[in-house]
Protein chains: 2
Amino acid sequence: MTPQRPKLCGRELNSRSKYAEVATRTCGLPEAHAGDCDEYPYLGHLAKEAPRVRAKIIRDATMTTGAAWASDDAGPNRILRWVMMLPDKDLLSFNIDMTKLKPGVIAKLRDKAADYDTCMAVARKLTYQAYGMSGAPTCPTDIRSQLEPWFGPINPGMTVCHVCWIKLDFSLFSSAQRGKAEIETAHANPRDHSENNVGFAHRECNIAQGTKTLDEFYEWIEGIIQRKNAARDS
Amino acid sequence: MTPQRPKLCGRELNSRSKYAEVATRTCGLPEAHAGDCDEYPYLGHLAKEAPRVRAKIIRDATMTTGAAWASDDAGPNRILRWVMMLPDKDLLSFNIDMTKLKPGVIAKLRDKAADYDTCMAVARKLTYQAYGMSGAPTCPTDIRSQLEPWFGPINPGMTVCHVCWIKLDFSLFSSAQRGKAEIETAHANPRDHSENNVGFAHRECNIAQGTKTLDEFYEWIEGIIQRKNAARDS
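Note that this is a predicted model, so its numbers are computed, not measured.

A.B. asks: Can you tell me about the relation of the copies chain A and chain B, naming the residues and giving the values?
C.D. replies: Between chain A and chain B, the superposition needs a rotation of 180° and an axial shift of 0.0 Å, giving an RMSD of 0.0 Å. The transformation relating the two chain copies, once decomposed into turn and shift, fits a two-fold axis. For chain A, the minimum C-alpha distance to the rotation axis belongs to Ala208(A) and amounts to 2.0 Å. In this assembly, 100% of the residues forming the interface of chain A have copies in chain B that are likewise at the interface, indicating an isologous arrangement.

As structure tokens, then:
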């Protein structure tokens, strides 16, 4: 993290969303930029090259995770993370009655809450990671100049799975097994959606990590290896 | 596995199930036993002490795993494992049209197939493991004599999670999080339902193992530790 992050334009963008009052969407271009304002200017290139990757980055950065929730009382499947920052009474105006949800679901939704600016920083981080994958489209200079002051140089092949440390290839974004994408957004601490805590991971790695923090996960698997070896040697 | 397994009665039991023609259910008591025949004689004690554990053992031993299958074309949720040994054309008479299922679902169902005798051996093995957990009800002598010739002495506290090698406590059978049982039946090779391949495991361990064999899982987590340490030291 360098301290020389360029100041952003930050101009308020129009929105007709029913959630517009919860958080103001703002322009993510550098201060005093030329041309139109843009919430996700660093995603303009991927919009053409890999539109689904762009959509995934925005979705993962800004929306709570979809879950295969079977019942009506399981809560909303996806909702803007900053909406989940609101107190229960304000959520009622969006037809979300938290008191009707199970404690586990409430905890899950609240864990995934994050304010608008934090989500925008996460979107930037994920974009940086996507361009850092082997096989990624070459990052155009103007986008590079928007991301590198935040996170450092973009070198293709630098992005490894957040959990297993194996290099991620950009082509994994378009592979899916049984309808599930092969790449997911993972959190070192599953209860903290912030730029320093997120990264792309293999789906199976994200599943294996489960609700543990990454530190807990590594400690856990080290214990497994030790117990397995002790059993073998005994 | 000792070679001195007692011969079983094996007398055919009456069944009114529509699947009765697929496999004959047989008596699991020792040859020349007194009293009535019984398919699961070694589960008589748990029927009183922990009926849900008995039901789980029978279910896991004999039925394909339930999955949260959302769509109509996802196939049956649970079906007798030996029914899944039948060729496609015979399954049609049970209203299962395998040609209408997705390849992944077909593979999953077929992977979980096992013949009746193999399932009965698995039920025995799981019962043995349950009695070997810390906190388990004391195994009555008559049941001990039915299980130990197959698997060796039952010592409370001997049963460890099939994946993580931590001792399993019998009380985990009655704990559940978000409606999911804390203990599941795991397979060292997920595509082989047989007595030497099954064991109880923590739900989270079974999930982390995923579709890997246990050997693949251990190799995988050893690789993660190595890469993580290499990254830390570089």
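Here the narrative resumes, following the displayed structure.
A.B. asks: Describe the interface of chain A and chain B, listing the residues and the values that go with them.
C.D. replies: At the junction of the two partners, chain A supplies 22 residues and chain B supplies 22 residues. Between chain A and chain B lies a buried interface of about 2100 Å² when both sides are counted; carbon and sulfur atoms form 70% of it. For the interface between chain A and chain B, the tally reads four salt bridges. For the salt bridge of Lys212(A) with Glu204(B), the shortest nitrogen-to-oxygen distance reads 3.0 Å. Across the contact surface, chain A and chain B share four residue pairs in polar contact (both at pLDDT 80 or more). Elements supplying a minimum of two residues to the side of chain A that touches chain B: helix H4 (103-111), helix H7 (203-209) and helix H8 (214-233) of chain A. No other element matches H8(A), which puts 10 residues into the side of chain A that touches chain B.

A.B. asks: Can you break down the pattern of salt bridges residue by residue, with the values?
C.D. replies: Residue and element names in this part refer to chain B. Inspection of the entire model under this criterion finds 22 salt bridges over all chains. Between Arg25 and Glu39 there is a salt bridge, with the nearest N and O atoms lying 2.9 Å from each other. Separated by 14 residues along the polypeptide, Arg25 in the segment before helix H1 (44-49) and Glu39 in the segment before H1 bring together distant segments of the chain. Accessibility expressed as a relative area gives 22% for Arg25, which makes it partly exposed. Glu39 gets classed as buried once you look at its relative accessible area, which sits at 13%. Asp88 is the partner of Arg110 in a salt bridge, and the nearest nitrogen-oxygen pair spans 2.7 Å. Taken together, the residues span a long stretch of sequence, with Arg110 in helix H4 (residues 103-111) and Asp88 in helix H3 (residues 88-91) at a distance of 22 residues. What makes Asp88 partly exposed here is its relative accessible area of 36%.

Conventions we followed
- Residue indices follow the written sequence of each chain, beginning from 1 at its first position.
- Written order decides the labels, with chains lettered from A and ligands numbered from 1.
- Selection of residues for local features in this predicted model requires a pLDDT of at least 70, selection of side-chain atom pairs for listing and counting requires 80 or more, and totals for whole chains, interfaces and linings are taken over all residues.
- Hydrogens and water molecules were not included; the side-chain quantities draw on all heavy atoms of the structure.
- What sets the superposition is a least-squares fit of C-alpha atoms, and only residues with pLDDT of at least 70 in both copies go into it.
- In what follows, a contact means two residues having at least one pair of non-hydrogen atoms within 4.5 Å.
- Once two parts are put together, the accessible area they lose, assessed with a 1.4 Å probe and summed over both, is termed the buried area.
- The term salt bridge refers to a pairing of a side-chain nitrogen on Lys or Arg with a carboxyl oxygen on Asp or Glu at a separation within 4 Å.
- Identification of polar contacts relies on pairs of N or O atoms within 3.5 Å, with a donor-acceptor requirement for protein atoms, meaning one able to donate a hydrogen and the other able to accept it, and with residues adjacent in sequence counted only if both atoms are side-chain atoms.
- Segments assigned H or I by DSSP are reported as helices when at least four residues long, segments assigned E as strands when at least two residues long, and all are numbered from the N terminus.
- Relative accessibility thresholds used throughout: buried, under 20% of the residue-type maximum; exposed, over 50%; partly exposed, between the two (1.4 Å probe, protein chains only).

Read these as geometric descriptors, not functional statements.
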